[in-house]
Amino acid sequence: MLKGISLEKARRLYIIFHGDLDGIIGAALLARWAESRGSRWELHHSTVRALPRVVRSVANRARSMLGRPGVALVDLAIQSVSDAILYSRYLRGMPAAWFDHHPWPEGAAERLLEAGVEVYHYRDMVSAELVARALGLSDEYSVKLVEVAKADDTCEPGDSVADRWRIVLRSLRDPRKAVEAFIRGELWPEWAEKLYSETAPRYLEEAERSASRLHVYEHDGRRVAVILMEPGVDVCTVQKLLWSRGWDPERVDVEIYVYPRALSLRSVRVDVSCIAKKLGGGGHKRAAGAPRPSQSMGEAQLARLVANLVGECVEGDARQ
């Protein structure tokens, strides 16, 4: 159960969540838990970039309400220590908890803890799993929701309802609709099936087109795969298509999924979070992202750039 300044004391819970499946499911678990305790809840979607503004707005709103409000944040990474200092100011003095599994800058968690914010930050679990464990949610439905979040976040091989949700969320204007469905106990509601039927054919066609654009380059002994992505297609969808066609990611050091303004990096051999950081981004050891250096940079140039960064990161690891 929760420790310290507990969300159990909150009579109204303000939930700030990221709009991917992990964040959505984490928010639904929090809301269901609050309902079971007779507390009200309120949903607020945020991107990582908009988080400082959203936290300030939600904290101000919470403080203006009667009773004892609480704030929970799910699947949202802290980008800098200065941001953490801001969040600690906004959240100080109220029950608050932060659930996340993305990389944080050193010292960020300490700033929140000093302000009394409970921090559940572990890289080895998805955010929804952190919520379920912290709140002691072990019922069959909660376990099933966590499994869906894991399947999405890890791009689990095989068919999963997460694959369908991944497509639906790309077309859903307001992710709160998905959270509310999960809160009601609807793992796959009728409206989601309808939206999936309407959007899946075009989405999968674009995914097939993306998967057909895989090219492998080699530079200084480093092999890099480059995949030019359609803007609205998720990396996991394309990865699973490639796997179904016999593609083995062990053949290369890094896979680069190239969007118009961003790069998504994947690897089973090297730490791509190091590469992403050098490009102004971040992420996990096996999956990370960064801004695209230049839209005019061609495939071979991108591959050469990343291959050089692979060398730098591997050498850095060796020195450590």
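Preceding block: the structure.
It should be emphasised that the depicted structure is a prediction, and the values quoted were computed from it without experimental measurement.

What counts and how
- Per chain, residue numbering runs from 1 following the sequence as it is written.
- Per-residue local features are limited, in this predicted model, to residues with pLDDT of at least 70; the limit for side-chain atom pairs, both in listing and counting, is 80 or more; totals at the level of whole chains, interfaces and linings are taken over all residues.
- As a rule here, side-chain values cover all heavy atoms of the structure and leave hydrogens and water aside.
- For helices, the fitted axis covers only the stretch in contact; all axes are lines through C-alpha atoms, and the angles between them, taken along N-to-C directions, range from 0 to 180 degrees.
- What counts as a helix is a DSSP run of H or I of at least four residues, what counts as a strand is a run of E of at least two, and both are numbered from the N terminus.
- By definition, turning the near helix anticlockwise from the far helix through less than a right angle yields a left-handed crossing, and turning it clockwise yields a right-handed one.
- The contact definition used throughout considers only heavy atoms, calling two residues in contact when any of these lie within 4.5 Å.
- In this count, Pro and Cys sit with the nonpolar residues alongside Ala, Val, Leu, Ile, Met, Phe, Trp and Tyr, while Asp, Glu, Lys and Arg are called charged and the others, Gly among them, polar.
- Exposure is judged per residue with a 1.4 Å probe applied to protein chains only, and the accessible area is read against the type maximum: over 50% gives exposed, under 20% gives buried, and values in between give partly exposed.
- Two cysteine sulfurs form what is called a disulfide whenever their separation falls within 2.5 Å.
- Take a side-chain nitrogen of Lys or Arg and a carboxyl oxygen of Asp or Glu: if they are within 4 Å of each other, that pair is a salt bridge.
- We call Phe, Tyr and Trp rings a pair once their centres come within 6.5 Å, taking the six-membered ring for Trp, and we label the pair stacked below 30 degrees between planes, edge-to-face above 60, and tilted otherwise.
- Only lysine NZ and arginine CZ atoms are considered, and such an atom sits over a ring when it is within 6 Å of the ring centre and within 35 degrees of the ring normal.
- For two strands to be treated as a pair, DSSP must find no fewer than two bridges joining them.

A. The packing of helix H9 (residues 190-211) against helix H10 (residues 235-244), seen in detail. Closest axis-to-axis distance for the H9/H10 pair is 9 Å, and the angle between their directions is 65 degrees. Crossing hand, H9 versus H10: right-handed. Residues Tyr203, Leu204, Ala207, Glu208, Ser210 and Ala211 of H9 form the contact with H10, whose own contacting residues are Thr237, Val238, Leu241 and Leu242. Along the lines of polarity and charge, the residues of the contact of H9 with H10 split into seven nonpolar, two polar and one charged.

B. Expanded view of unusual backbone geometry. The phi angle at cysteine 155 is positive, at roughly 55 degrees, despite the residue not being glycine. Within the secondary structure, cysteine 155 sits in the loop between helix H6 (140-153) and helix H7 (161-171). The class for cysteine 155 is buried, based on a relative accessible area of 5%. Even without glycine at this site, aspartate 220 takes up a positive phi of about 50 degrees. Mapped onto the fold, aspartate 220 is located in the loop between strand E6 (214-219) and strand E7 (222-228).

C. Molecular detail of the state of the cysteines. All told, the structure shown has two disulfides when counted by the stated rule. Each disulfide pairs two cysteine sulfurs, and for cysteine 155 the partner residue is cysteine 236, the sulfurs being separated by 2.1 Å. Since a negative S-S torsion denotes a left-handed disulfide, the cysteine 155-cysteine 236 link at about 105 degrees is right-handed. Within this pair, whereas cysteine 155 is found in the loop between H6 and H7, its partner cysteine 236 is found in helix H10, the two being separated by 81 residues in sequence. As far as the burial class goes, cysteine 155 and cysteine 236 line up, both buried. Note on cysteine connectivity: cysteine 274 is disulfide-linked to cysteine 313, with sulfurs 2.0 Å apart.

D. Fine view of the pattern of salt bridges. Across all of its chains, the model carries 19 salt bridges by this definition. Of the charged contacts, one joins arginine 12 and glutamate 42 as a salt bridge, the two residues approaching to 3.8 Å between their closest N and O atoms. On the criterion of sequence distance, the pair formed by arginine 12 in strand E1 (residues 12-17) and glutamate 42 in strand E2 (residues 40-45) is long-range, its members being 30 residues apart. Taking relative accessible area as the criterion, glutamate 42 reaches 14% and is therefore assigned buried. One network of salt bridges, in which partners are shared, links Asp152, Asp163, Arg166, Arg170, Asp234 and Lys240.

E. Representation of the packing of aromatic side chains. This structure, assessed with the given rule, holds seven aromatic pairs. Judged by centre distance (5.2 Å) and plane angle (50 degrees), the rings of tyrosine 87 and tryptophan 98 are tilted. Linking tyrosine 87 in helix H3 (residues 81-91) with tryptophan 98 in strand E4 (residues 96-100), this pair joins segments that are eleven residues apart in sequence. Considering the side-chain rings of tryptophan 165 and tryptophan 188, the 5.3 Å spacing of their centres and the 90 degrees angle between planes classify their relative orientation as edge-to-face. Separated by 23 residues along the polypeptide, tryptophan 165 in helix H7 and tryptophan 188 in the loop between helix H8 (176-183) and H9 bring together distant segments of the chain. Each member of the pair, tryptophan 165 together with tryptophan 188, is buried. By the ring-pair criterion, three or more aromatic residues cluster together here, those being Trp165, Phe182, Trp188, Trp191 and Tyr196. Over the ring of tryptophan 188 we find arginine 164; its NZ or CZ atom is 4.9 Å from the centre of that ring.

F. Examining the sheet that holds strand E3 (residues 69-74) more closely. Read from one edge to the other, the open sheet built from five strands follows the order E2-E1-E3-E4-E5, with strand pairing classed as parallel. Edge strands, defined here as strands with exactly one partner in the open sheet, are E2 and strand E5 (118-121). With direction set aside, neighbouring strand axes in the sheet form an average angle of 15 degrees. In the sheet, E4 pairs with E5 via four bridges, with the strands oriented parallel. Among the inter-strand pairings, tryptophan 98 is bridged to a residue of E5, identified as valine 119. In this fold helix H1 (residues 21-36) packs onto E1, E2, E3 and E4, with an angle of close to 175 degrees to the strand it touches most, E1. Packed on one face of the sheet, helix H2 (residues 51-63) meets E1, E2, E3 and E4 and runs near 175 degrees to E1.

G. Region of the structure containing the environment of proline 95. Looking at the secondary structure, you find proline 95 in the loop between H3 and E4. On the basis of relative accessible area, proline 95 is assigned to the buried category, the value being 0%. Taking C-alpha positions, proline 95 is 31 Å from threonine 154, a pair spaced 59 residues apart along the chain.

As far as function goes, none of this settles anything; it's purely spatial.
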